Amino acid sequence: RGQMVGLCVGIVKYITRTAREGTGLCSGYMSKMQIDAPMRCGLEKGSLGPLPVSVPMIMVCPGTGLSPCRSLAQDRHLKLSEANLMSSGRFVAGRKDLLFLGFRHQKGDYLYSDDWETFKPWLSVNIAFSRDHEDKKVYVQDLIEENGKAVCDLLDLGARIFVCGKAHPMPSQVFDSFVEVLEVHRKLSKEDATNRLRMMQRSQRYICDTWG
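Let me sum up the structure you'll find in this document. Keep in mind the model is a prediction, meaning the values are calculated, not measured. One numbering rule holds for all chains: residues counted from 1, following each sequence as written. In keeping with the model being predicted, local features are shown solely for residues with a pLDDT of at least 70 and side-chain atom pairs are shown and tallied solely at 80 or more, while totals for entire chains, interfaces and linings include all residues. For side-chain calculations, the full set of non-hydrogen atoms in the structure is used, while hydrogens and water are omitted.

Let us look at the nonpolar core. Buried Ala, Val, Leu, Ile, Met, Phe, Trp, Tyr and Cys residues that are joined via side-chain atoms within 4.5 Å together make up what is termed a nonpolar core. Only protein chains enter the accessibility calculation, which uses a 1.4 Å probe; a residue is then buried when its area is under 20% of its type maximum, exposed when over 50%, and partly exposed in between. Core analysis: the largest hydrophobic core is formed by 27 residues, its most contacted members being Ile58 and Phe178. A run of H or I in DSSP counts as a helix once it spans at least four residues, and a run of E counts as a strand once it spans at least two, with each numbered from the N terminus. Looking at this core, the elements that each hand over two or more residues are strand E3 (57–62), strand E4 (97–103), helix H5 (140–146), helix H6 (148–156), strand E6 (160–166), helix H7 (170–186) and helix H8 (190–202). By residue number, the principal contributor to this core is H7, which donates seven residues. By definition in these notes, contact holds between two residues if any of their heavy atoms fall within 4.5 Å. If near-sequence neighbours (up to four positions away) are discounted, Phe178 is found in contact with Ile58, Val60, Ile144, Val151, Ile161, Leu197 and Tyr206. With 25 residues, the next largest nonpolar core counts Phe91, Leu99, Leu123 and Ile207 among its residues.

Helix length check: H8 (13 residues) gives 18 Å between terminal C-alpha atoms against 18 Å at 1.5 Å per residue, within 8%. Of the residues making up H8, those classed as buried are Ala193, Leu197 and Met200. Mapping the buried residues of H8 onto a view down its axis gives an arc of 50°, with all of them on the same face. For H8, the exposed residues lying more than 90 degrees away from the buried face are Glu191 and Arg202. Those residues of H8 that are buried lie in contact with H6, E6, H7 and strand E7 (206–211). Just beyond H8, the residue with positive phi is Gln204, at close to 65°. In this scheme, a helix's expected span is set at 1.5 Å multiplied by one less than its residue total. What the arc covers is the set of directions going from the helix axis to the C-beta atoms.

What follows is the structure, given as structure tokens:
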């Protein structure tokens, strides 16, 4: 959007073992800034980047992890709109790209809620609100397993996987869910499914961009 840069920052608050309240250094600083106040920052090349529209994407991004994946979705939406490709090819056949979002509550935590409807012609948006169910907690890995057939169909088409968010324990749990769907829907052994995903990681087709 021109010269504008959008940030999605979760304010880190915690209590130490000695009962002292603490706040994240950077997020606490930003939360106290005045509107229009200048801020010095640097840019570093990330591990994610836009793909050709012919390459399917599977994005898994609970919490503020949606920020880098949102930029990928915006880039793809623009390219598909300019080329008038939303109503053609695999999208018409029902093989949309996949997005798995995760929040604690729909009310108050659902980030960029107005955006996701815009992408629905080409993107299947699956959302886990982990604390909105009385009987159980639902996470992004549960939605991956629920959508296992669609996940495997995209993997067979050469999809790239992007996992963004908190570094522990989410990425390993998500990896295990991908192993599970390959076992169930492609009848692979656990070892073969794991090797397939590890090969994707080595070739930069399965990328984790995590922090914290």
